[in-house]
Amino acid sequence: MKLTIRMDDISPDMDWEKFLAFKALLDANGVKPLIGVVPDNQDENLHRADSQNDFWGYIKELQENGWIIALHGFRHVYTTKRGGLFPLNHFSEFAGISLEKQKSMLKQGNEILKNHGIETDIFMAPAHSYDRNTLLALRDIGYTKLTDGFGNSPYKWKGMTFYPISFLQSRSFKKKTGITTLVVHTNELHKTDLERYQKLFESHKQELRSYGEYLKEPVKNRSALGHLGEYMLAAAKHYLVKLKG
């Protein structure tokens, strides 16, 4: 199975030391990831360091060098306890909010990116949680892609193209087919995590792909039954993680 990388919670005040340490791993393996940029970070849990004044210029430079940018919500503040259509978590910045309110939030977030010269049509939902209104609002403002869901290839559903993430970070993906995305929160990485990723990248060097290659993969249609199966898998994973916690 081919592997791509997405990095969540990118903001001016993220943990830059951890971000750059993981970036060094990606650079060493020639991998250009998808990064979810929070336009107006108001989440206290994401305030990890002093804000970098040249943040937006740096993000623009990464994009020009082949990194793919996603709109990662608006302020990354959870306002509801809804799991939405992909219930890995039962809290959300968007799910459960009216269509007009969601559209306003997404437009504001998108305008912040545009004002810094960053164009994208890919959405990354905070906490993986979104609902039908989110998808309608995204389509209304010109977004066509969303990084979430389970599966081994991109699929179309509700007028959007979904690029699935990995259900589990297995020890080996070599015997599996298709393509998926490993989700990485660099703010939360410890030394042991970096060592684990280094070993994973070394053992799967032939499987690693830049995210831009994922966007060129053939897109399949997802049936209602297929989405029901995905929903049940997400709900099951939520409760498994809850039990372990």
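To keep things clear, this report deals only with the structure shown in the data block. Keep in mind it's a predicted model, so treat the numbers as computed, not measured.

A look at the overall build of the protein
Turning to step 1, where the next piece is worked out: Counting its regular elements, the protein contains 7 helices and 9 strands.
Turning to step 2, where the next piece is worked out: Against the globule reference of 18 Å for 245 residues, the protein gives a C-alpha radius of gyration of 17 Å, in line with a compact fold.
Turning to step 3, where the next piece is worked out: With the C-alpha coordinates of the protein rotated into their principal frame, the extents come out at 45 × 45 × 40 Å.
Turning to step 4, where the next piece is worked out: Counting all 245 residues of the protein, 51% fall into the buried class.
Turning to step 5, where the next piece is worked out: Put simply, 74% of the contacts in the protein that link residues at least 6 apart link residues at least 24 apart.
Turning to step 6, where the next piece is worked out: Approximately 11,800 Å² of the protein is accessible, and the part contributed by carbon and sulfur atoms is 51%.
Turning to step 7, where the next piece is worked out: Looking at charge distribution, the protein has the averaged site of its 34 positive side-chain charges lying 9 Å from that of its 29 negative ones.

A word on the nonpolar core
Turning to step 1, where the next piece is worked out: Within the largest apolar cluster, 57 residues are counted, with the highest numbers of intra-cluster contacts made by Phe22 and Ile59.
Turning to step 2, where the next piece is worked out: Once you skip the residues sitting within four places of it in the chain, isoleucine 59 turns out to touch Ile10, Ile35, Val37, Ile69 and Ile118.
Turning to step 3, where the next piece is worked out: By size, the runner-up hydrophobic cluster in this structure holds 9 residues, among which are Leu34, Met124, Tyr163 and Tyr211.

Concerning the layout of surface pockets
Turning to step 1, where the next piece is worked out: In this model, the largest pocket occupies a volume close to 950 Å³.
Turning to step 2, where the next piece is worked out: Around the largest pocket, the lining is made up of 38 residues, and of these Asn89, His128, Val183, His185 and Lys237 lie nearest the centre.
Turning to step 3, where the next piece is worked out: Those elements that provide at least two residues to the lining of the largest pocket are β1 (2–10), β8 (179–184), α5 (191–203) and α7 (224–244).
Turning to step 4, where the next piece is worked out: In terms of residue count, the dominant contributor to the lining of the largest pocket is α7 (6 residues).
Turning to step 5, where the next piece is worked out: Of the volumes computed, that of the second largest pocket is approximately 200 Å³.

Comments concerning the environment of lysine 145
Turning to step 1, where the next piece is worked out: As for its position among the elements, lysine 145 is in strand β5 (residues 145–146).
Turning to step 2, where the next piece is worked out: Distance from lysine 145 to alanine 236, taken between C-alpha atoms, is 25 Å for residues 91 residues apart in sequence.
Turning to step 3, where the next piece is worked out: Those residues in contact with lysine 145 that lie beyond four places of it in its chain are Asp121, Ile122, Phe123, Met160, Thr161, Tyr163 and Leu215.
Turning to step 4, where the next piece is worked out: One polar contact links lysine 145 to aspartate 121, side chain to side chain, over a distance of 2.8 Å.
Turning to step 5, where the next piece is worked out: Within the local environment of lysine 145, its side chain forms a polar contact with the side chain of threonine 144, the two groups lying 3.2 Å apart.

Structural notes on the pattern of salt bridges
Turning to step 1, where the next piece is worked out: Throughout the structure, instances matching the rule amount to 12 salt bridges.
Turning to step 2, where the next piece is worked out: As a salt-bridge pair, lysine 23 and aspartate 27 come within 2.8 Å of each other at their nearest N and O atoms. Of this pair, lysine 23 and aspartate 27 both sit in helix α1 (residues 16–28), 4 residues apart, which is roughly one turn of the helix.
Turning to step 3, where the next piece is worked out: The class for lysine 23 is buried, based on a relative accessible area of 15%.

Looking at helix α3 (residues 99–115)
Turning to step 1, where the next piece is worked out: Between its first and last C-alpha, α3 extends 24 Å over 17 residues, near the 24 Å set by a 1.5 Å rise per residue.
Turning to step 2, where the next piece is worked out: Within the sequence span of α3, burial applies to Gln102, Met105, Leu106, Gly109, Asn110 and Leu113. Down the axis of α3, the buried side of the element spans an arc of 125°, and every buried residue falls inside it. Of the exposed residues in α3, the ones pointing more than 90 degrees away from its buried face are Glu100 and Asn115.
Turning to step 3, where the next piece is worked out: Where the residues of α3 are buried, they touch β2 (34–37), α2 (55–64), β3 (68–71), β4 (122–123) and α4 (132–140).
Turning to step 4, where the next piece is worked out: Positioned one or two residues after α3, glycine 117 has a phi angle of 80°, which is positive.

Analysis parameters
- Residues numbered from 1 in each chain as written.
- Predicted model: local features only at pLDDT ≥ 70, side-chain atom pairs only at ≥ 80, totals over all residues.
- Heavy atoms only, no water.
- Helix = DSSP H or I, 4+ residues; strand = E, 2+ residues; numbered from the N terminus.
- Rg over C-alpha atoms; globule rule 2.2 N^0.38 Å.
- Buried < 20%, exposed > 50% of the residue type's maximum accessible area, 1.4 Å probe, protein only.
- Contact = heavy atoms within 4.5 Å.
- Areas by Shrake-Rupley, 256 points an atom, 1.4 Å probe, with all protein chains shown as cover.
- Lys, Arg positive; Asp, Glu negative; His and termini not counted.
- Charge placed at Lys NZ, Arg CZ, Asp CG, Glu CD.
- Core = buried A, V, L, I, M, F, W, Y, C linked by side-chain atoms within 4.5 Å.
- 1 Å grid on protein atoms, 1.4 Å probe; cavity = no way out; pocket = protein on both sides within 12 Å on 5 of 7 lines; lining within 4 Å.
- Points joined across faces, edges and corners; volume = space filled by probe spheres on them.
- Polar contact = N/O pair within 3.5 Å; in protein donor to acceptor, adjacent residues only side chain to side chain.
- Salt bridge = Lys/Arg side-chain N within 4 Å of Asp/Glu carboxyl O.
- Expected span 1.5 Å × (residues − 1).
- Arc of directions from axis to C-beta.

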